Structures are given as structure tokens and as C-alpha cells.
Amino acid sequence: QVQLVESGGGLVQTGGSLRLSCAASGRTFSFYTMGWFRQAPGKEREFVAYNTWSGGSTYYADSVMGRFTISRDNAKNTVYLQMNSLKPEDTAVYYCAAGLIQTPNPTNYVHWGQGTQVTVSS
């Protein structure tokens, strides 16, 4: 089992930045692909970014490309999502997730955190 705990969400103005963290515990962190997803009210959960255990392969949704950066520190069992140039449409609950394959499909991720709220005011 893997336990994931997100933190770092909050309220920020348009154009601002936030860094989300996801602390993992349990089974060996480095064997997993780590992804970030988000869900806005009334919408389906959508993919944001993932990276592989080595950090050598990353993939972003078009909507966040160039603004968000995913990174991980295996020694600290933590994955990060640096979010810059935030927009009101980025408002959502953000979740980190652990999976065994490289995919933006949330159904392939087996472990999920509880989520952290990000609100971007206009």
C-alpha cells in the first residue's frame, strides 16, 4: 500500500504561484509513476501531469504546459507541482496519485491522496 498526503493548496490571485507537495509513505516510492490530477465542481477529474520514477519522463496536459512543473524527490518520498501564472480556470481540488504505468488516464492510478483545494481569484 501507498499513502499519499497533499499539501500546499490555497487562495491566490490570477498570475500568482503555488507549489503543491505530495508526501508518500508505505511501499517503495521510486517504483511508481506519480501523477497530478484536478477536479473542478461539476466536472470530471482531469489529468494535469505525471512523471516517472526516475524523473526522466514527464508529460503535461496542454492546458498547463509551460506554466506547471512536476518534480519529485525520491529521497524524501515527495512529488511536487509548481504552478505559475495561475488562472481562474485552474481552480479545482488537486490530487496526487501513484500508478504503475505512464498514462494520463486516472483509472490506471491505484493510490490517491485526499486532495488539496486551489482557488484562483480573478
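Everything discussed here concerns the structure shown above.
Residues numbered from 1 in each chain as written. Predicted model: local features only at pLDDT ≥ 70, side-chain atom pairs only at ≥ 80, totals over all residues. Heavy atoms only, no water.

## Quick word on the environment of Ser-17
Relative to the assigned elements, Ser-17 resides in the loop between β2 (10-13) and β3 (18-26). For the pair Ser-17 and Val-120, spaced 103 residues apart in sequence, the C-alpha separation works out to 9.6 Å. Not counting residues up to four positions away in its chain, the partners in contact with Ser-17 are Val-12, Gln-82, Met-83, Asn-84, Ser-85 and Leu-86. Polar side-chain contacts of Ser-17 include one of 2.9 Å to the side chain of Asn-84. (Helix = DSSP H or I, 4+ residues; strand = E, 2+ residues; numbered from the N terminus. Contact = heavy atoms within 4.5 Å. Polar contact = N/O pair within 3.5 Å; in protein donor to acceptor, adjacent residues only side chain to side chain.)

## Let's talk about the side chain of Asp-90
Structurally, the position occupied by Asp-90 is in the loop between β8 (78-83) and β9 (92-99). Polar contacts involving the side chain of Asp-90 include one to the main-chain amide nitrogen of Lys-87, which spans 2.8 Å. Discounting residues that sit within four places of it in the chain, Asp-90 has contacts with Arg-38, Arg-67, Phe-68, Ser-85, Val-118 and Val-120.

## Let's talk about the side chain of Ser-21
On the secondary structure map, Ser-21 appears in strand β3. Residues within four places of Ser-21 in sequence aside, it is in contact with Val-5, Glu-6, Ser-7, Trp-36, Thr-78, Val-79 and Tyr-80.

## Remarks on the pattern of salt bridges
For the coordinates displayed, the defined rule picks out 3 salt bridges. Here Glu-46 makes a salt bridge to Arg-38, at a shortest N to O gap of 2.5 Å. Residue classification places Glu-46 among the partly exposed positions, given a relative accessible area of 35%. Measuring nitrogen to oxygen at the nearest pair gives 2.9 Å for the salt bridge that ties Arg-38 to Asp-90. Of this pair, Arg-38 sits in strand β4 (residues 33-39) while Asp-90 sits in the loop between β8 and β9, placing them 52 residues apart in sequence. For the pair Arg-38 and Asp-90, one class covers both residues: buried. What you see here is one network of salt bridges that share partners, running through Arg-38, Glu-46, Arg-67 and Asp-90. (Salt bridge = Lys/Arg side-chain N within 4 Å of Asp/Glu carboxyl O. Buried < 20%, exposed > 50% of the residue type's maximum accessible area, 1.4 Å probe, protein only.)

## Section: the environment of Thr-103
Mapped onto the elements, Thr-103 comes out in the loop between β9 and β10 (109-112). Spatially, the C-alpha atoms of Thr-103 and Asp-62 are 15 Å apart, while their sequence positions differ by 41 residues. Excluding residues within four positions of it along the chain, Thr-103 makes contact with Tyr-50, Asn-108 and Tyr-109. Side-chain polar atoms of Thr-103 contact the backbone nitrogen of Asn-105, separated by 3.0 Å.

## Remarks on the sheet that holds β3
Taken together, 4 strands build an open sheet; the order of strands is β1-β3-β8-β7 and the sheet is antiparallel. Only two strands of the sheet have a single partner each, and these edge strands are β1 (2-7) and β7 (68-73). Strand-to-strand twist across the sheet, computed as the mean angle between neighbouring axes with direction ignored, equals 15°. With 6 bridges connecting them, β7 and β8 associate as antiparallel partners. (Pairing = 2+ DSSP bridges. Axes fitted to C-alpha atoms, helices over the stretch in contact; angles between N-to-C directions.)

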